[in-house]
Amino acid sequence: MLRNTVLRQNCRLSFKRLLSSSHKPWLAAPAAADKQPIVDLGASTSTANIVPPTGAAILKGGFAKDTTYGTRPIYLDMQATTPTDPRVLDKMLQFYTGLYGNPHSSTHAYGWETEKEVEKARKYVADVIGADPKEIVFTSGATESNNMAIKGVPRFYKSTKKHIITAQTEHKCVLNSARHLQDEGFDVTYLPVGEDGLIDLEQLEKAIRKDTCLVSIMGVNNEIGVIQPLEEIGRICKKNKVFFHTDCAQAYGKIPLDVNKLNIDMMSISSHKIYGPKGCGALYIRRRPRVRMDPIITGGGQERGLRSGTLAPPLVAGFGEAARLLIQEYDFDKNHIEYLANKLKTGLLSIEDTILNGSADHRFNGCVNISFAYIEGESLLMALNDIALSSGSACTSASLEPSYVLHALGADDALAHSSIRFGIGRFTTEEEIDYVINAIHKRVNFLRELSPLWEMKQEGIDLNSIEWSGH
Amino acid sequence: MSSLSKSVSTLPSRTKVLGLYHNMLRSSLKFDNYNFREYFLRKTRYEFRKNMELTEEDKIIAAYNDAVKQFTVLKRQATISEMYHFDKTVVEPQGKVSGAEKN
Ligand SMILES: Cc1ncc(COP(=O)(O)O)c(C=O)c1O
């Protein structure tokens, strides 16, 4: 009886999804997307109120927990945030115990000692990307840095330039900043991406106009981990004399980045993605040739007048220490993450009907995004309550909406719905990866056993040939 | 013990290096947090093994002094980790008692 209900509900859910996959353009055409605010995308889909039918309760029966082990889930969501490194905390504690001066107080030793530490941190942050410390402006995080660059630069040059270019798979804070500029009368081109998640360089070059002010393309995508061709983009921007901003919240310190080699004019950085404290970040702003911008926050003129307000020395120093550790631990981290990622990929892609989303070659290893066909990603996440995972970016996974990033890659609703992102980092252990591979194998099988679509597929019925009408 | 927390200006003896190594392993083991504990164990082993191949005197001294600095941080942070307890994760045995029961 129970199983029956499950089947029926599951059926309805999947059928609806299939129906709704009849090619909504979503973000496909920039023109069509112009009117809707991004955050409301697809609010009309009818599936939002349907709870994944099986629920964790049934699954728990199938997979009784071993009570000799702990209960806290394995953390595998490193793109959302990373644990603060104890060595970073050690640095930060000095500022909560003794060094409390205002770094902008220039008349006494309390100010000087804190300022010295802030400047040390600035140098560490700059070193990772081959920048000059004077080119680093501390902010509250990558969201603020993105807003600052994307709104600040076009506003400064608005008398002559009216156009900016970005991509459809950017983080929400970039897309919404761009949307904001449209309201102010700017033109925005949202470049599409290929199936591999990468932008087309020819298309970029064609999109550049005489009045283009800024190109903003991210380094590593937060959902699928693909690395955009920054060097080529930088070259195109330089040739056409437009500013190049890149959101490297996920790339900074994880892939080699040199702002001069890559011709980057501005780069957004976030501290909490590199084992630093939350609430801190930076914007790299090139000095030669100088990039000028209207500051968003005005006041006492701190940070070269670009970002007024007293800095938070504990956060800044923690961020600096995290950056220093990134350089120190680069090879050790990279090899570890690569080893675990390869193990995870091999382990999971050996399951039938699974797909690695995004380019297989141009990717950061620490982000593995896989679609498990014939399964609801959300049901799988519920079944996996012993592993902390996300089915996309932190901001979209709270809803049942499929990922706009996967849509931009051309994935249909069903596939976008069945995707899960695995984030591996410095503190992930091999034991955890083994556990995850085992758990996913078991539960994918379990959920597929419940899925009528899987049953049909096993019987050799071509799902695309079925007429669902009348349902 | 305390001499192991001091930097050196001449070549440290083998006993001294091994002493520091064991102390760092012991501090790593004290972390209550599973992921930090495993990381610092892995890292300490890796660093000392790598540095065993050093032959130049000043490089050995520099590596030793660097490890001394890391040890002081490790000691402090292991102590802090011991003061804040969180549930164990699903890959961690619940403690020695249940671990023994299991066998
Ligand atoms: C690519 C990208 N940009 C920006 C952000 C936002 O960073 P922050 O949390 O520091 O504002 C994130 C993190 O969610 C991200 O992944």
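Conventions we followed
- Residues numbered from 1 in each chain as written.
- Chains lettered and ligands numbered in written order.
- Predicted model: local features only at pLDDT ≥ 70, side-chain atom pairs only at ≥ 80, totals over all residues.
- Heavy atoms only, no water.
- UniProt positions renumbered as here; feature names shortened; annotations may be inferred.
- Helix = DSSP H or I, 4+ residues; strand = E, 2+ residues; numbered from the N terminus.
- Contact = heavy atoms within 4.5 Å.
- Buried area = accessible area lost by both parts, 1.4 Å probe.
- Salt bridge = Lys/Arg side-chain N within 4 Å of Asp/Glu carboxyl O.
- Nonpolar A, V, L, I, M, F, W, Y, C, P; charged D, E, K, R; others polar.
- Patch = residues over 30% accessible without salt bridge, like charges linked within 9 Å, V, L, I, M, F, W, Y side chains within 5 Å.
- Areas by Shrake-Rupley, 256 points an atom, 1.4 Å probe, with all protein chains shown as cover.
- Lys, Arg positive; Asp, Glu negative; His and termini not counted.
- Charge placed at Lys NZ, Arg CZ, Asp CG, Glu CD.
- Buried < 20%, exposed > 50% of the residue type's maximum accessible area, 1.4 Å probe, protein only.
- Pairing = 2+ DSSP bridges.
- Axes fitted to C-alpha atoms, helices over the stretch in contact; angles between N-to-C directions.
- Polar contact = N/O pair within 3.5 Å; in protein donor to acceptor, adjacent residues only side chain to side chain.
- 1 Å grid on protein atoms, 1.4 Å probe; cavity = no way out; pocket = protein on both sides within 12 Å on 5 of 7 lines; lining within 4 Å.
- Points joined across faces, edges and corners; volume = space filled by probe spheres on them.
- Phe/Tyr/Trp six-rings, centres within 6.5 Å; stacked < 30°, edge-to-face > 60°.
- Lys NZ or Arg CZ within 6 Å of the ring centre and 35° of its normal.

Chain B is annotated in an unreviewed UniProt entry as Isd11 protein of Saccharomycopsis crataegensis.

If you check an unreviewed UniProt entry, chain A appears there as Cysteine desulfurase, mitochondrial from Saccharomycopsis crataegensis. The UniProt entry for chain A carries the following comment under Cofactor (unreviewed entry): "pyridoxal 5'-phosphate". You can read under Sequence similarities (unreviewed entry) in the UniProt record for chain A the words "Belongs to the class-V pyridoxal-phosphate-dependent aminotransferase family. NifS/IscS subfamily."

Asker: Let's hear about unusual backbone geometry: which residues, and what values?
Answerer: Residues and elements named next belong to chain A. Here the amide bond leading from Arg 288 into Pro 289 is cis, since omega sits at -10 degrees, within 30 degrees of zero. Take Pro 289: it is sitting in the loop between strand 8 (281–285) and helix 10 (313–328). Its identity as a non-glycine residue notwithstanding, Glu 303 has a phi of 50 degrees, on the positive side. Within the fold, Glu 303 resides in the loop between strand 8 and helix 10.

Asker: Provide a residue-level description of the interface of chain A and chain B, including the pertinent values.
Answerer: Each side of the interface is counted separately: chain A has 30 residues, and chain B has 26 residues. Overall, the association of chain A and chain B removes approximately 2,600 Å² of surface from exposure, summing both partners, and the carbon and sulfur fraction of that is 60%. For the chain A face of the interface with chain B, the top three residues by lost area are Tyr69(A), Arg72(A) and Phe332(A), together amounting to 26%. Summed over the shared surface of chain A and chain B, the number is two salt bridges. Top element by residues in the side of chain A that touches chain B is helix 4 (residues 86–97) of chain A. It accounts for five residues. Residue composition of the side of chain A that touches chain B, grouped by class: 10 nonpolar, nine polar and 11 charged.

Asker: Describe a positive patch on the surface, naming the residues involved and giving the relevant values.
Answerer: All names here are of chain A. A grouping of Lys 134, Arg 287, Arg 288, Arg 290, Arg 292 and Arg 304 is seen on the molecular surface, where their side chains present a positively charged patch. Following the sequence through the fold, Lys 134 ends up in the loop between helix 5 (109–127) and strand 2 (136–139). With a relative accessible area of 49%, Lys 134 lands in the partly exposed category.

Asker: A description of the sheet that holds strand 12 (residues 419–423) of chain A should follow, citing residues and the corresponding values.
Answerer: Residue and element names in this part refer to chain A. The three strands are arranged 9-10-12 in an open sheet whose pairing can be described as antiparallel. The sheet is open, and its two edges are formed by strand 9 (354–356) and strand 12, each paired on a single side. The sheet shows a mean angle of 25 degrees between the axes of neighbouring strands, direction not considered. Lying on the sheet, helix 11 (residues 330–349) is in contact with strand 9, strand 10 (367–372) and strand 12; it crosses strand 10 at an angle near 5 degrees.

Asker: Describe the side chain of Ser216(A), with residues and values.
Answerer: All names here are of chain A. Within the secondary structure, Ser 216 is located in strand 5 (residues 212–216). Judged by relative accessible area, Ser 216 falls into the buried class, the value being 2%. Setting aside anything within four residues of it in sequence, one finds Ser 216 in contact with Ile 150, Ile 165, Thr 166, Ala 167, Glu 170, Val 174 and His 245.

Asker: Can you lay out the sheet that holds strand 7 (residues 266–270) of chain A for me, pointing to particular residues and giving the numbers?
Answerer: What holds strands together in a sheet is hydrogen bonding between their backbones, with the strands either parallel or antiparallel. All names here are of chain A. Spatially, seven strands are ordered 2-8-7-6-5-3-4 in an open sheet, and the strand pairing comes out mixed. Among the strands making up the open sheet, the edge pair consists of strand 2 and strand 4 (187–191). Here the strands of the sheet are splayed against their neighbours by 20 degrees on average, with no regard to which way each runs. Bridging between strand 3 (residues 163–167) and strand 4 involves five bridges; their strand directions are parallel. Bridge pairing links Ile 164 to Val 188 in strand 4. Contacts from helix 7 (residues 172–183) reach strand 3, strand 4, strand 5 and strand 6 (243–247) within the one sheet, and its direction differs from that of strand 4 by about 150 degrees.

Asker: Give me the side chain of Arg37(B): which residues, what numbers.
Answerer: Residues and elements named next belong to chain B. Positionally, Arg 37 belongs in helix 2 (residues 34–51). Taking the relative accessible area as the measure of exposure, Arg 37 reaches 16% and is therefore buried. Within the structure, Arg 37 has its side chain in polar contact with the side chain of Glu 92 (distance 3.2 Å). When sequence neighbours within four positions are dropped, the list of residues in contact with Arg 37 reads Ser 28, Leu 29, Phe 31, Asp 32 and Glu 92.

Asker: Account for the layout of surface pockets, naming residues and giving values.
Answerer: Space inside the largest pocket adds up to approximately 960 Å³. Along the walls of the largest pocket sit 30 residues, with Arg72(A), Pro83(A), Asn33(B), Phe36(B) and Phe86(B) positioned nearest its centre. Looking at the lining of the largest pocket, the elements with two or more residues in it are helix 4 of chain A together with helix 2 and helix 3 (57–83) of chain B. Partitioning the lining of the largest pocket into residue classes produces 15 nonpolar, eight polar and seven charged. In this structure, the second largest pocket encloses a volume near 830 Å³. Within the residue set of the lining of the second largest pocket, elements represented by two or more residues are helix 10 and helix 11 of chain A together with helix 1 (14–30), helix 2 and helix 3 of chain B.

Asker: Give me the lowdown on a nonpolar patch on the surface, citing residues and values where you can.
Answerer: Together, Met83(B), Tyr84(B) and Phe86(B) line one region of the surface with nonpolar side chains, adding up to about 400 Å² of accessible area. Residue placement: Met83(B) occurs in helix 3.

Asker: Help me get a handle on the environment of Ala414(A), residues and values and all.
Answerer: Within the secondary structure layout, Ala414(A) lies in helix 14 (residues 413–417). Each C-alpha atom, one on Ala414(A) and one on Phe372(A), is 9.8 Å from the other, the two residues being 42 residues apart in sequence.

Asker: For the packing of aromatic side chains, give the residues involved together with the corresponding values.
Answerer: One pass over the full model with this rule turns up 14 aromatic pairs over all chains. Centroid distance Phe427(A) to Phe36(B): 4.9 Å. Interplanar angle 70 degrees. Geometry classified as edge-to-face. Of the two residues, Phe427(A) is situated in the loop between strand 12 and helix 15 (430–450) and Phe36(B) in helix 2; the pairing between them involves two chains. In this structure Phe36(B) comes out as buried when scored by relative accessible area, which is 13%. Among the aromatic residues, those joined into a ring-pair cluster are Tyr275(A), Phe332(A), Phe427(A), Phe31(B), Phe36(B), Tyr39(B), Phe40(B) and Tyr46(B). Positioned above the aromatic ring of Trp454(A), the side-chain terminus of Arg448(A) is 4.4 Å from the ring centre.

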